[in-house]
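# Coordinate inspection notes
What follows is the residue order along each chain.
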Amino acid sequence: MKKKIKELEFGSLGYDYNSLEPYFDAQTMELHYSKHHQTYFNNLQKSASEHNVGDLTLEELFAQMDEHPAFLRNNAGGHYNHRLFWDLLKLNGGTEPIGNFGEAIRNEFGSYQAFREQFAAAAAGRFGSGWAWLSLDDTGKLFISSTPNQDNPLMNHIAQKGSPVLGLDVWEHAYYLKYQNRRPEYIDAFWHVVNWSAVEKRYNSLR
Ligand code: MN
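Here is a short report on the structure shown in this document.

A word on the coordination of the manganese ion. All of the protein donors around the manganese ion are His 32 (NE2), His 82 (NE2), Asp 169 (OD) and His 173 (NE2); their distances to the metal are 1.9 to 2.1 Å. Every donor residue of the manganese ion comes from the same chain, spaced as H-x49-H-x86-D-x3-H. Highlighted residues: His 32 in helix 1 (residues 26–50) and His 82 in helix 3 (residues 70–87), separated in sequence by 50 residues. Take His 82: its relative accessible area is 0%, and that puts it in the buried class.

If the charged atoms of two oppositely charged side chains come close together, the side chains can form a pair. Overall, the coordinates contain 7 salt bridges when judged by the stated rule. Residue Lys 6 pairs with Asp 55 through a salt bridge whose shortest N-O separation is 2.6 Å. Residue Lys 6 is located in the segment before helix 1, and its partner Asp 55 is located in the loop between helix 1 and helix 2 (58–62); the two are separated by 49 residues in the primary sequence. Three or more residues are tied together by salt bridges with common partners; here these are Lys 4, Lys 6 and Asp 55.

Quick look at the packing of aromatic side chains now. Under the counting rule described, the total for this entry stands at 26 aromatic pairs. Residues Phe 115 and Trp 191 carry aromatic rings whose centres are separated by 5.7 Å and whose planes lie at 70° to one another, so their mutual orientation is edge-to-face. Highlighted residues: Phe 115 in helix 5 (residues 112–125) and Trp 191 in the loop between helix 7 (183–190) and helix 8 (196–206), separated in sequence by 76 residues. Positioned above the aromatic ring of Tyr 179, the side-chain terminus of Lys 178 is 5.6 Å from the ring centre.

Burial analysis of strand 3 (residues 163–169) places 6 of its 7 residues in the buried class, the great majority of the element. Pairing of strand 1 (residues 130–136) with strand 3, which is carried by 6 bridges, proceeds in the antiparallel orientation. Across the sheet, the residue bridging to Leu 134 is Leu 166, located in strand 3.

Reading guide: rules and limits
- Along each chain, numbering runs from 1 in the same order as the chain's sequence is written.
- Given that this is a predicted model, residues contribute local features only at a pLDDT of at least 70 and side-chain atom pairs are listed and counted only at 80 or more, while totals for whole chains, interfaces and linings are drawn from all residues.
- Each side-chain value is derived from all of the structure's non-hydrogen atoms; neither hydrogens nor water enter the calculation.
- Listed donor atoms are N, O and S within 2.8 Å of the metal (Na, K and Ca: 3.2 Å). As water is not included, a site may look incomplete.
- Helical segments are the DSSP runs of H or I of at least four residues, strand segments are the runs of E of at least two, and each set is numbered from the N terminus.
- The buried label goes to any residue with under 20% of its type's maximum accessible area, the exposed label to any with over 50%, and the partly exposed label to all in between, with areas taken from a 1.4 Å probe on protein chains only.
- Counted as salt bridges are all cases of a side-chain nitrogen of Lys or Arg within 4 Å of a carboxyl oxygen of Asp or Glu.
- Centre distance within 6.5 Å is the pairing criterion for rings of Phe, Tyr and Trp, where only the six-membered ring of Trp is used; planes under 30 degrees apart are then read as stacked, over 60 as edge-to-face, and the remainder as tilted.
- Charge-over-ring contacts are defined here by two conditions on Lys NZ or Arg CZ: a distance within 6 Å of the ring centre and an angle within 35 degrees of the ring normal.
- Two strands are said to pair when DSSP picks up at least two bridges between them.

Here's what the structure looks like:
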């Protein structure tokens, strides 16, 4: 059961700030989770209450997102996107996608390497702040896209709609302390901290 927005909890990160070192540094993780994400969450609750959408789930809100103000959209996306991001990170020791999901990646993109290149291009090519996504469309096909700001492929104003399977935050706050302007190095680092087992579970739960 998906929770109503007003019943959502901020939730713990699920691991220590230094768990993803040296790829994602502890200071960035702490600021990103305890300051940036916490602020999105607090503003989501405030804005959802003001606009009387606290009884909706986030998914229900995203399906009618274009009827609501940008402040609500930015903070609802900000909470959803970061929760998804944290839940899919873990040092992976250089492993590759596994199981059904690994098979789907190879079927759709040709190889894990080809998938990585296409995803990295979407992440590097997003001008300014936003996210890169791997999503499942309503025919069950995987596709890569990117969205600006805190938008995501569940929002009804987004052209390429789908259910996010994996997301990468490419806001500067996600990488500037360690990588400064070198977003491609941060994207390379990301492949060392994707929790493929959690991604496979998410993929299977969406099909
Ligand atoms: Mn972020």
